[in-house]
Amino acid sequence: MSDILTLDGVALSYHTTDGETEALAGVTFSAKRGEFLSIVGPSGCGKTTVLSVVAGLLKPTAGKVTLDGCEVTAPHGDVGYMLQKDTLFEWLTISANVELGLRVQKKLTEENRAYARALLEKYGLGEFAEHYPSQLSGGMRQRAALIRTLAFRPKLLLLDEPFSALDFQTRLDVADDVGNIIRQEGLTALLVTHDVPEAVGMGDRVIVLSPRPAVVKKIFTVPVNGTLSQKRVMPVANELSEAVWKELRTG
Ligand code: ADP
Ligand code: MG
């Protein structure tokens, strides 16, 4: 399969009044269309910075990002973001939240509205379309937030520690749910997480970043398919988690 995303020697330094912070020192990796890549690395190593560069929110100091054949040089509407907080508006219904997403992206066409509606139906939220976020469980809220993002057909989904605010059991369920939807829709995804089993459980490959300034230290291929809760109990997946942990610990 062809690569949809390539980072080629991406370096980035933040300039503040206190001076310069070198966050990325030349990050190189690529994602195939439909691939799910997990990114792990020590706290503060530059994971979120990688996602911001891919989204075009930050311009690399050196190197380049290519998405679907085009160099990323500015913010663009081709990526969807999923964050720790679902950022649904409490005073809007689920369908209004989803439509607001399209409106903000200037993509509120009849066709997209129908597509969003179909996604809500397909993923079991059809009957909750006129409910408010507070009437939904945490897992359903995350699903609604994901559908809001999917509705504008992003080429790439960026997930920045999206489950870290959830308790353990909910996290497993929501991760399975989100993972299944992403796979079913054939989306390419970059997941940043500090949870190694989650990285292994959701990803096709796991990219380990070095301490700041980040470079790619190692890329592991996950040898089995399945959801997080399936892989959690597979010895090969657990062995891979061990290997990833070891890679993270050794400087
Ligand atoms: P991670 O997501 O891996 O925890 P980040 O990408 O958020 O790391 O940050 C990497 C480094 O860059 C950290 O040292 C952080 O303090 C610094 N940093 C992040 N954002 C900014 C910013 N807007 N201005 C200055 N420094 C920043
Ligand atoms: Mg971060």
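Predicted model, so just to flag it, every value in this text is computed and none were measured.

1. Here we look at the domain arrangement of the protein chain
Much of the literature gives interface size as the accessible area that the parts lose upon coming together.
Right, so step 1: The domain boundaries assigned to the protein chain delineate domain 1 (3-78 + 156-249) and domain 2 (85-153).
Right, so step 2: Relative to domain 2, the C-alpha centre of domain 1 lies at a distance of 25 Å.
Right, so step 3: Contact residues are listed per partner, giving 10 residues for domain 1 and 13 residues for domain 2.
Right, so step 4: Together, the buried faces of domain 1 and domain 2 total about 1,100 Å²; carbon and sulfur atoms form 63% of this surface.
Right, so step 5: The interface formed by domain 1 and domain 2 holds 2 salt bridges in total.
Right, so step 6: Note that Arg143 is salt-bridged to Asp177, the shortest N-O span being 2.8 Å.

2. A short note on the nonpolar core
Right, so step 1: Residues Leu159, Val178 and Ile182 are the most contacted members of the largest nonpolar core, which totals 36 residues.
Right, so step 2: Only α2 (94-104), α3 (110-122), α4 (138-150), β7 (156-160), α5 (168-184) and β8 (188-192) provide two or more residues apiece to this core.
Right, so step 3: Three or more residues apiece are contributed to this core by two domains, here domain 1 (3-78 + 156-249) and domain 2 (85-153).
Right, so step 4: Contact partners of Leu159, with chain neighbours within four places excluded, come to Phe36, Leu51, Met82, Val178, Ile182, Ala189, Leu190, Leu191 and Val192.
Right, so step 5: Residues Val27, Ile39, Val54 and Val79 belong to the second largest nonpolar core, which totals 29 residues.

3. Re the pairing of β8
Right, so step 1: Summarising burial for β8: 5 of the 5 residues are buried, a large majority.
Right, so step 2: Covered by surrounding structure in β8 are Thr188, Leu190 and Val192 together with Ala189 and Leu191, the residues of both alternating faces.
Right, so step 3: Bridge count between strand β3 (residues 36-40) and β8: 4 bridges; the pairing is parallel. Within β8, the residue paired with Leu37 across the bridge is Leu190.

4. Details of the environment of Tyr123
Right, so step 1: For Tyr123, the position within the fold is in the loop between α3 and α4.
Right, so step 2: We classify Tyr123 as buried; its relative accessible area is 8%.
Right, so step 3: Taking the C-alpha atoms as reference points, Tyr123 and Ala144, separated by 21 residues in sequence, lie 9.0 Å from one another.
Right, so step 4: Beyond its immediate sequence surroundings of up to four residues, Tyr123 is in contact with Arg143, Ile147, Ile181, Gln184 and Glu185.

5. A word on the packing of aromatic side chains
Right, so step 1: Tallied over the full model, the rule gives 1 aromatic pair.
Right, so step 2: Considering the side-chain rings of Phe89 and Trp91, the 5.0 Å spacing of their centres and the 45° angle between planes classify their relative orientation as tilted.
Right, so step 3: Trp91 sits in the exposed class, given a relative accessible area of 61%.
Right, so step 4: Seen from the ring of Tyr115, Arg153 lies directly overhead, with NZ or CZ sitting 4.0 Å from the centre.

6. Things to note about the site of ligand 1
Right, so step 1: As a structural note, the neighbourhood of ligand 1 is formed by Tyr14, Thr16, Ser43, Gly44, Cys45, Gly46, Lys47, Thr48, Thr49 and Arg212.
Right, so step 2: Cys45 is positioned such that a nitrogen or oxygen atom in its backbone is 3.2 Å from an oxygen atom of ligand 1.
Right, so step 3: One of the backbone nitrogen or oxygen atoms of Gly46 is found 3.0 Å away from an oxygen atom of ligand 1.
Right, so step 4: Here ligand 1, which alone exposes 560 Å², has 62% of that area covered by the protein.
Right, so step 5: At the level of secondary structure, the elements contributing two or more residues to the shell around ligand 1 comprise β1 (3-16) and α1 (47-54).
Right, so step 6: Counting residues per element, the shell around ligand 1 draws most heavily on α1, which supplies 3 residues.

The rules behind each value
Residues numbered from 1 in each chain as written. Chains lettered and ligands numbered in written order. Predicted model: local features only at pLDDT ≥ 70, side-chain atom pairs only at ≥ 80, totals over all residues. Heavy atoms only, no water. Domains from an automatic or database assignment. Contact = heavy atoms within 4.5 Å. Buried area = accessible area lost by both parts, 1.4 Å probe. Salt bridge = Lys/Arg side-chain N within 4 Å of Asp/Glu carboxyl O. Core = buried A, V, L, I, M, F, W, Y, C linked by side-chain atoms within 4.5 Å. Buried < 20%, exposed > 50% of the residue type's maximum accessible area, 1.4 Å probe, protein only. Helix = DSSP H or I, 4+ residues; strand = E, 2+ residues; numbered from the N terminus. Pairing = 2+ DSSP bridges. Phe/Tyr/Trp six-rings, centres within 6.5 Å; stacked < 30°, edge-to-face > 60°. Lys NZ or Arg CZ within 6 Å of the ring centre and 35° of its normal. Near = heavy atom within 4 Å. Polar contact = N/O pair within 3.5 Å; in protein donor to acceptor, adjacent residues only side chain to side chain. Areas by Shrake-Rupley, 256 points an atom, 1.4 Å probe, with all protein chains shown as cover.

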